[in-house]
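This is what each chain is made of:
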Amino acid sequence: VTPSSDNNFKTTSQSYDDNEPITALILRSNNIEATIPDEFSGFSELLTLDLSGNNITGSIPPALGSMKKLRDLLLQQNSLVGTFPEELTRLTGLHQLHLGENKLGGQIPEIIDRMKNLRALALSSNSFEGPFPRIETLNLLMKIHLDDNQFNETVPSWLYGMTDLSTYYSISQFPLDGGYCTLHS
């Protein structure tokens with residue numbers, strides 16, 4: 001980790017017992033220049049991992065898929081490269097997955113529908129490609145951001161049947177009959 005005088009670290013007078021688990025690691029917008037260490041997966045009680053808005057590079061470690069209690073994985077607005085690790089689909093209790101505004105590519109794993117508790121999925125502004133996997137079984141999903149990627153299919157018809165997406169969806173730049181579709185709600 002490269003320290004910076006422009007960070008938002010705050011001190012606290014609260015002390016922690018050696019036996020008290022860490023449940024949230026929130027380091028957003030701290031100008032951190034590093035990769036995500038595999039050792040983060042050792043935080044077995046972690047509910048929230050927020051590294052958004054930094055300069056995190058490298059790929060998303062597959063080891064994060066072993067953090068079974070994780071509810072919020074917020075990695076947006078970094079410089080992450082590589083693909084969407086299939087191991088992340090093991091996070092069946094995850095509520096929020098934010099990977100937008102990185103340099104990720106490849107296809108989204110077909111088994112993303114295993115993430116049954118997902119409420120928000122943000123993958124915008126990357127280079128994901130290929131067909132988008134069927135996710136209509138994600139009944140709790142309320143927000144989805146897929147715009148500004150390289151998906152090569154028309155807007156999936158099953159997407160329109162996901163009535164709980166009434167909060168917000170953004171799927172612009174999906175091909176549609178030779179043009180591109182822009183949908184925002």
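Residues numbered from 1 in each chain as written. Predicted model: local features only at pLDDT ≥ 70, side-chain atom pairs only at ≥ 80, totals over all residues. Heavy atoms only, no water.

Turning to the overall build of the protein, a few remarks are in order. Helix and strand counts for the protein come out as one helix and 15 strands. Per-residue burial over the protein gives 43% buried out of 185 residues. Looking at the protein alone, contacts between residues at least 24 apart form 40% of all its contacts between residues at least 6 apart. Total accessible area on the protein stands at roughly 9,600 Å², and carbon and sulfur atoms take up 46% of it. (Helix = DSSP H or I, 4+ residues; strand = E, 2+ residues; numbered from the N terminus. Buried < 20%, exposed > 50% of the residue type's maximum accessible area, 1.4 Å probe, protein only. Contact = heavy atoms within 4.5 Å. Areas by Shrake-Rupley, 256 points an atom, 1.4 Å probe, with all protein chains shown as cover.)

The next thing to look at is the pairing of strand 10 (residues 127–130). In regular strands, side chains alternate between the two faces of the sheet. Pairing between strand 8 (residues 103–106) and strand 10: two bridges, direction parallel. For Gly105, the partnering residue across the bridge sits in strand 10 and is Ser127. Here strand 10 pairs with strand 12 (residues 150–151) via two bridges, running parallel. Along strand 12, the bridge assignment pairs Glu129 with Gln150. (Pairing = 2+ DSSP bridges.)

Moving on to the confidence of the model for the protein. Confidence in the prediction of the protein, expressed as mean pLDDT, is 83, and 76% of residues score 70 or more. Note that pLDDT drops below 50 for residues 1–5; the model gives that stretch six contacts with residues more than four away or on any other chain. For the stretch residues 175–185, pLDDT sits under 50, and the model shows 33 contacts to residues farther than four places along the chain or on other chains. (pLDDT = per-residue confidence, 0-100.)

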